[in-house]
Amino acid sequence: MYHKFGYEINGEKKQIDSKMVTIGEDQTYTAMAKTVGLPVGIVSLQILNGKIKTPGVQLPISKEVYEPVLAELEQQGVCFSETDVPYLGY
């Protein structure tokens, strides 16, 4: 997965590249299982354990949701690496 974030701060244009590469272990523990199945399982446990309290279907843009998921994914070896790069424009 690759994300390119362009932004401007104090009149200066900047860019951050964020990359995530995950390799599956075998035909059962695939990269798809790690990047889709693990987050669903993590969120499910967070809800069952009362750590996520917001009711209903939620987008993963709330800190209550994404912070524990990203932390657990990193423990499982699924993480993004971010680098500051020269602004390339769009």
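In what follows, the structure referred to is the one given above.
For every chain, the first residue of its written sequence is number 1, and the numbers climb from 1 along that sequence. Restriction of local features to residues with pLDDT of at least 70 applies here, the model being predicted, together with a cutoff of 80 or more for giving and counting side-chain atom pairs; totals for whole chains, interfaces and linings are based on all residues. Derived side-chain values reflect all non-hydrogen atoms in the structure, with water molecules and hydrogen atoms excluded from consideration.

(A) Summary view of unusual backbone geometry. A positive phi angle, near 55°, is found at Asn10, a position not held by glycine. Only DSSP runs of H or I covering at least 4 residues are called helices, and only runs of E covering at least 2 are called strands; the numbering of each starts at the N terminus. Note on placement: Asn10 falls in the loop between β1 (2–9) and β2 (12–19). Of the residues examined, Asn10 reaches a relative accessible area of 80% and is grouped as exposed. When accessible area is computed with a 1.4 Å probe and restricted to protein chains, residues below 20% of their type maximum are described as buried, those above 50% as exposed, and intermediate ones as partly exposed.

(B) Representation of the pairing of β1. Across eight bridges, the pairing between β1 and β2 is antiparallel. Paired with Phe5 across the strands is Ile16, a residue of β2. For two strands to count as paired, DSSP must find a minimum of two bridges between them. In this antiparallel pair of consecutive strands, β1 and β2, the connection spans two residues, and Asn10 shows a positive phi of 55°.

(C) A look at the packing of helix α1 (residues 31–48) against helix α2 (residues 63–75). Viewed as axis vectors pointing N to C, α1 and α2 meet at an angle of 125°, and their least axial separation amounts to 10 Å. When the interaxial angle is binned, α1 and α2 end up oblique. Along this stretch, α1 crosses α2, giving a crossing that reads as right-handed. The segment α1 lies against α2, with Lys34, Leu38, Pro39, Ile42, Val43 and Gln46 engaging Val65, Pro68, Val69, Glu72 and Leu73. Residues belonging to the contact of α1 with α2 are distributed by class as follows: eight nonpolar, one polar and two charged. Axes here refer to lines fitted to C-alpha atoms; in helices the fit is confined to the stretch in contact. Angles between the N-to-C directions go from 0 to 180 degrees. Roughly parallel means an angle under 35 degrees; roughly antiparallel, over 145; roughly perpendicular, 65 to 115; everything else is oblique. Should the near helix be turned counterclockwise from the far one by less than a right angle, the crossing is left-handed, whereas a clockwise turn marks it as right-handed. Between two residues, a contact is recorded if the distance between any of their heavy atoms is within 4.5 Å. Any residue that is not Ala, Val, Leu, Ile, Met, Phe, Trp, Tyr, Cys, Pro, Asp, Glu, Lys or Arg is counted as polar, Gly included; the first ten are nonpolar and the last four charged.

(D) How the structure looks around α2. Given the number of residues in a helix, its expected span is that number minus one, multiplied by 1.5 Å. When the terminal C-alpha atoms of α2 are compared, their 18 Å separation across 13 residues agrees well with the 18 Å that a helix rising 1.5 Å per residue should span. Taken together, the buried positions of α2 are occupied by Val65, Val69 and Leu73. Down the axis of α2, the smallest arc covering the buried residues is 40°, so these residues share one side. What points out from α2, more than 90 degrees from its buried face, is the exposed set Lys63, Glu74 and Gln75. Along its buried surface, α2 packs onto α1. Count one or two residues on from α2 and you reach Gly77, which has phi positive near 85°. Think of it as the arc spanned by the lines of direction from the helix axis to the C-beta atoms.

(E) Just the environment of Leu45, in detail. Looking at where Leu45 falls in the secondary structure, it is placed in helix α1. Look at Leu45 and you get exposed, because its relative accessible area is 51%. C-alpha of Leu45 to C-alpha of Gly77: the two residues are 32 residues apart in sequence and 19 Å apart in space.

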